[in-house]
Amino acid sequence: MMLDTRQGGLRSVVPHRRWDSKSAQAPSRQAECDIAASQARLVGNGEQTKELQSTSPAYEGSTTTQQCYSLPRRTLGVKPRVNVVWHKMSDLRVHDHEPLARAHLETSLPVVHLHVMEKFWFGRTRVGGFRKTGAVRCRFWTESVEDLKNSLEARGQRLFLRHGTAAEAFRDLAACCDISKVFTFAEVCSEELALEAEVERTLQQSTGAQLVRCWGYTLHHIDDLQDCGKPPERWITPYLTFGNFKREIAACKVRAVGSEWQKFLKGDATFAQQGPPKADLDWGHVPSLRELGFSDEEILEADESREKSAIPWRGGESIALARVQQYLWERSALKQYVGTTDWTASGKCGASNDQTSKLSPYLAFGCLSPRLLYWEICRFEKGNRCKGAKGLINSLLWRDFYRFIVFFAWGDRMYHLYGPMSCGSVPGGHKHPTKWCCKHYNNLFGGSDPRLWTWEKDFSKFRRWAEGRTGYPFVDAAMTELKETGYMLHLNRETVGWFFVRDLQLDWRLAAEWFESRLLDYDCVLNWGNWAYFILTQLPAREDDRPGGGPRYTLPRYSPYLMATQVLLWGKEHDPDARYVKKWISSLQALPAELCREPWRVDSMDISQTGVWSCSFCTLENPLKHRSCDACRAPRPKMDCESESCTTSVYTEPMVPPPPEDSEGLCENCGLRGAGCSSEGAFYCELCWGEWLPESQLIHAVHAPKISPSMDADSGWSLVPPLALPKLESQSQVKVQRKGSRWQVKGDRGDKVAGG
């Protein structure tokens, strides 16, 4: 590898490594977010930054506590020869798991299943210095590992657990076992590739074992992309759009669950596993959050998040399968599915739990196979034609889109300040855009070039954004939900992202790292890909008025007022009654919906009881959202913002001034004259503007009951075809019966449930 110190960061000087290559170049051990040299300005001194990292629990510099393991005792005589299944953070399951199947079927050697709570993921991000893995996500991780451990033990296997580095774990194992092959899923992101390369070097130096990579994670297999008519290297470019990706990949079929290892089964419906080695191993245990270095305050925050969330998240393959069983077959909730990227539906913030699948954390940790989910959706659709089936499959295709474009086109450029679509992120690329070469300058999305945008690192601004104190309730509610539950709708992720970049003009990688630390369903390619694809490509732009410019070229457009208009427009469209805002910002609960979204209009008054204001001329009491008296048209008075009774004083001065209010006019709808807004050449008063959405377009807040923590976690195992699942230890007592096209399992499976 070669480090370019100008703009591009790391770039390989050898041809791009195929995922199934026998040899891999070892990338430098650098954080993804720090690969490129930043062009952002640092606002504030080091003491401010130090204060930021020390005053909030999320910024605490607590060190990670490593577990202490007894040294493996060597067995007398020859060490047993074994295969190893390396379970990473992103494949914590036993169903539809190619490395697991090949380790047991290719040879008759004993098999060791290994998982490492890699201490690298408990370190700090490079740009912002945040925890790479927060307490909420870490708890989900440990629950998923516990569930995997129980599932393996129910099948006569053991899980070799370590907290430290993967290289150290393999050295411990090699001390008492002769490792033949290590089977694992392939990676595409730089930090994951660095850890993988370190393990490969350790294996070659200690035992000479081979690291066998299998392709997984995606709906489509990488080898099947050749069926698209031309090699993927030709059509997967840095400028590929999701729409074009779907059109190209339509010719590529999704493989059946477990198709890669059917040739090894020799007619058997299921495959039996090889037992663990007969060696005296210290198998380890699942560490607690305290053992992983989290403070009591962070642990309490993780515990409370489950009560505050719409879904009491619990990690594990058993819970993931039970969620699919319940969502598809027990409640038929797929008929109500709207999806995260369906912009035709309104009222998403008040939508029921069934209008999104809530499966993203399970897919991120690999507790659920995307192929299994795909074929269950297809089977459901045969008897229940619905729009939701196509919407959920579309969400799975987004995962494929980002995975493949990172592998074939973006690479490390995804973490560059200028983004993967700018030639400024390539070594030797242009620091300033040129008209004839820079494709991003003539952007497909119409945004201005990131090289011309203002990027800062003002931690005082960042802190207000991260803690939900921007002065815009829709943004603050979303950031508060993220902080307290680890979850946020995709709609809100875009809204807060646009506000962060367009209005605060901060280094977008700070926000991407904050999402990495806090999101329960954090996935490297999805998180960083969404920032690069949705946020970075849509910077405010104006026509290039320079000599030689024109309508095809754009320059940055700045405004002293709010530029991320979605903060107000989407708040009105997707939270029309302001229930979402009031849920997370209790100080605004007494305000009517219109003023709850824009509390700076109230100025200051005690609205805790009445929610009305009295006209000083005719004494008529008017609703707060009316800016003039209904009787005499006298304007609503402005009151003292320093009053102790002011419940919205924190929102009197947002970080960015709101757009100026339009002058009064004649309402197109009711014919009355008053203050309001213009839309498509027509003027509407405030009352009509707030009620213009047709009732049929709104999604009403009909909340489904939460998933009970005590639900039957074994109910989902019947969805897995036997050929994609290792046999239970008591398989002889289990009767497998096929009913129609659905596998049902009767008898005591003996599976334990994480946290149950």
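Below or above, wherever it landed, is the structure these notes cover. (Residues numbered from 1 in each chain as written. Predicted model: local features only at pLDDT ≥ 70, side-chain atom pairs only at ≥ 80, totals over all residues. Heavy atoms only, no water.)

Observations concerning the overall build of the protein
Helices and strands together make up the secondary structure of the protein, namely 21 helices and 19 strands. Relative to its full complement of 756 residues, the protein shows a buried share of 59%. Put simply, 75% of the contacts in the protein that link residues at least 6 apart link residues at least 24 apart. (Helix = DSSP H or I, 4+ residues; strand = E, 2+ residues; numbered from the N terminus. Buried < 20%, exposed > 50% of the residue type's maximum accessible area, 1.4 Å probe, protein only. Contact = heavy atoms within 4.5 Å.)

Re the pairing of strand 6 (residues 159-164)
Taken residue by residue, a regular strand's side chains alternate between the two faces of the sheet. In terms of burial, strand 6 is largely enclosed, as 6 of its 6 residues are buried. Both faces of strand 6 are covered, namely the face carrying Leu159, Leu161 and His163 and the face carrying Phe160, Arg162 and Gly164. Crossover strand 5 (residues 111-118) to strand 6 through helix 3 (residues 135-153) is right-handed. (Right-handed = clockwise from strand over helix to strand, strands pointing away.)

A short note on the sheet that holds strand 8 (residues 210-214)
If you walk across this open sheet you meet the 5 strands as 6-5-4-7-8, and the pairing is parallel. Strands with a single pairing partner mark the edges of an open sheet, and in this sheet they are strand 6 and strand 8. Across this sheet, the average inter-strand angle for adjacent strands is 25 degrees, counted without regard to direction. Summarising the sheet, strand 4 (residues 81-87) and strand 5 pair through 5 bridges and their orientation is parallel. The residue of strand 5 that forms the bridge with valine 84 is valine 112. Against the sheet, helix 5 (residues 190-206) makes contact with strand 4, strand 5, strand 7 (178-185) and strand 8, and its axis sits at roughly 150 degrees relative to strand 8, the strand it touches most. (Pairing = 2+ DSSP bridges. Axes fitted to C-alpha atoms, helices over the stretch in contact; angles between N-to-C directions.)

A look at empty space enclosed by the protein
For the coordinates displayed, the defined rule picks out 9 cavities of 30 Å³ or more. In terms of lining, the second largest cavity is formed by 28 residues, of which the most central are Met89, Ser90, Trp121, Glu187 and Glu192. Taken together, the elements giving at least two residues each to the lining of the second largest cavity come down to strand 4, strand 5, helix 3, helix 5 and helix 17 (524-535). When grouped by side-chain class, the residues that make up the lining of the second largest cavity number 14 nonpolar, 4 polar and 10 charged. (1 Å grid on protein atoms, 1.4 Å probe; cavity = no way out; pocket = protein on both sides within 12 Å on 5 of 7 lines; lining within 4 Å. Points joined across faces, edges and corners; volume = space filled by probe spheres on them. Nonpolar A, V, L, I, M, F, W, Y, C, P; charged D, E, K, R; others polar.)

Details of the packing of aromatic side chains
Counted by the stated rule, this structure contains 43 aromatic pairs. Here tryptophan 215 and phenylalanine 407 contribute two aromatic rings whose centre-to-centre distance is 5.8 Å and whose plane-to-plane angle is 70 degrees, an arrangement assigned as edge-to-face. Of this pair, tryptophan 215 sits in the loop between strand 8 and helix 6 (232-235) while phenylalanine 407 sits in helix 12 (residues 387-410), placing them 192 residues apart in sequence. No difference in accessibility class separates tryptophan 215 from phenylalanine 407, as the two residues are buried. A centroid spacing of 5.9 Å and a plane angle of 90 degrees characterise the contact between phenylalanine 462 and tryptophan 514, whose relative ring orientation is edge-to-face. Here phenylalanine 462, found in helix 13 (residues 459-466), pairs with tryptophan 514, found in helix 16 (residues 508-518); they are 52 residues apart in sequence, far enough to count as distant. A relative accessible area of 0% means that phenylalanine 462 is categorised as buried. Residue classification places tryptophan 514 among the buried residues on the basis of a relative accessible area of 4%. A network of ring pairs unites the aromatic residues Trp235, Phe242, Phe245, Trp398, Phe401, Tyr402, Trp410, Tyr533 and Phe534 as a single cluster. Sitting above the plane of the tryptophan 86 ring, lysine 88 keeps its charged end 4.7 Å from the centroid. Across from the ring centre of tyrosine 217, 4.1 Å away, lies the NZ or CZ of arginine 403, which sits over that ring. (Phe/Tyr/Trp six-rings, centres within 6.5 Å; stacked < 30°, edge-to-face > 60°. Lys NZ or Arg CZ within 6 Å of the ring centre and 35° of its normal.)

Considerations on the pattern of salt bridges
Taken as a whole and assessed by the stated rule, the structure comprises 34 salt bridges. Across the pair glutamate 260 and arginine 371 runs a salt bridge whose closest N-O atoms are separated by 2.7 Å. With glutamate 260 in the loop between helix 7 (242-249) and helix 8 (296-308) and arginine 371 in helix 11 (residues 370-383), this pair connects stretches of sequence that are 111 residues apart. In this structure, glutamate 260 and arginine 371 share a single accessibility class: buried. With its nearest N and O atoms 3.5 Å apart, the salt bridge here joins glutamate 467 to arginine 463. Since its relative accessible area comes to 23%, glutamate 467 is described here as partly exposed. Each of Lys88, Glu187, Glu196, Glu200, Arg213 and Arg403 takes part in one network of salt bridges that share partners. (Salt bridge = Lys/Arg side-chain N within 4 Å of Asp/Glu carboxyl O.)

Regarding helix 9 (residues 317-330)
Across its 14 residues, helix 9 extends 18 Å between first and last C-alpha, which sits within 8% of the 20 Å expected from 1.5 Å per residue. Within helix 9, 12 of the 14 residues are buried, which leaves it mostly tucked inside the rest of the structure. Within helix 9, the full set of buried residues consists of Glu317, Ser318, Ile319, Ala320, Leu321, Ala322, Arg323, Val324, Gln325, Gln326, Tyr327 and Leu328. The first or second residue beyond helix 9 is serine 332, which carries a positive phi of 50 degrees. (Expected span 1.5 Å × (residues − 1).)

Overview of the side chain of asparagine 394
Turning to its location among the elements, asparagine 394 is positioned in helix 12. Of the polar contacts made by the side chain of asparagine 394, one reaches the side chain of lysine 246; its length is 2.9 Å. (Polar contact = N/O pair within 3.5 Å; in protein donor to acceptor, adjacent residues only side chain to side chain.)

What about helix 14 (residues 473-485)?
In this model, helix 14 (13 residues) spans 18 Å end to end at C-alpha, consistent with the 18 Å of a helix rising 1.5 Å per residue. Of all 13 residues in helix 14, 11 are buried, a share of seventy percent or more. Within helix 14 the residues assigned to the buried category are Pro473, Phe474, Val475, Asp476, Ala477, Ala478, Met479, Thr480, Glu481, Leu482 and Thr485. A positive backbone phi angle near 80 degrees is found at glycine 486, which sits one or two residues after helix 14.

Remarks on the environment of isoleucine 405
Mapping isoleucine 405 onto the fold places it in helix 12. We classify isoleucine 405 as buried; its relative accessible area is 0%. Separated by 164 residues in the primary sequence, isoleucine 405 and threonine 241 have C-alpha atoms spaced 9.8 Å apart. Among all residues touching isoleucine 405, those that are not within four sequence positions of it are Ile236, Thr237, Pro238, Leu240, Trp410 and Gly411.

Quick word on the packing of helix 3 against helix 8
Following both chains from N to C, one finds helix 3 and helix 8 inclined at 75 degrees, their axes separated by 8 Å at the closest point. With respect to each other, helix 3 and helix 8 are oriented roughly perpendicular. Together, Ala135, Val136, Arg139 and Glu143 of helix 3 and Glu298, Ala302, Asp303, Ser305 and Arg306 of helix 8 make up the contact between the two elements. Split into classes, the residues belonging to the contact of helix 3 with helix 8 amount to 3 nonpolar, 1 polar and 5 charged. (Parallel < 35°, antiparallel > 145°, perpendicular 65-115°, else oblique.)

Looking at the nonpolar core
Within soluble globular proteins, side chains that are nonpolar tend to cluster in buried spots. Counting residues in hydrophobic clusters, the biggest one holds 168 residues, and the most contacted among them are Leu334, Leu368, Trp410, Trp465 and Phe499. Setting aside residues up to four positions removed in sequence, leucine 368 forms contacts with Arg93, His95, Ala320, Leu321, Val324, Leu359, Tyr362, Leu363 and Leu373. Counting 23 residues, the second-largest nonpolar core is a separate cluster that includes Leu114, Leu173, Ala174 and Cys176. (Core = buried A, V, L, I, M, F, W, Y, C linked by side-chain atoms within 4.5 Å.)

Some words on the packing of helix 8 against helix 14
Two elements in contact, helix 8 and helix 14, have axes whose closest approach is 7 Å; the angle formed by their N-to-C orientations is 120 degrees. With respect to each other, helix 8 and helix 14 are oriented oblique. Together, Glu301, Ser305 and Lys308 of helix 8 and Lys483, Glu484 and Thr485 of helix 14 make up the contact between the two elements.

Some thoughts on the side chain of aspartate 503
As for its position among the elements, aspartate 503 is in helix 15 (residues 490-503). No salt bridge forms around the buried aspartate 503; measuring N to O, its nearest opposite-charge neighbour arginine 502 is 6.8 Å away. A polar contact of 2.6 Å, which involves the side chain of aspartate 503, links it to the backbone nitrogen of methionine 563. With residues up to four places along the chain from it excluded, the contact list for aspartate 503 reads Trp498, Tyr561, Leu562, Met563, Ala564 and Val656. (Lys, Arg positive; Asp, Glu negative; His and termini not counted.)

Re the pairing of strand 8
Burial of strand 8 is extensive: 4 of the 5 residues sit out of reach of the surface. Examined bridge by bridge, strand 7 and strand 8 share 5 bridges and lie parallel to one another. If you follow phenylalanine 183 over to strand 8, its bridge partner there is valine 212. For the segment spanning strand 7, helix 5 and strand 8, crossover handedness is right-handed.

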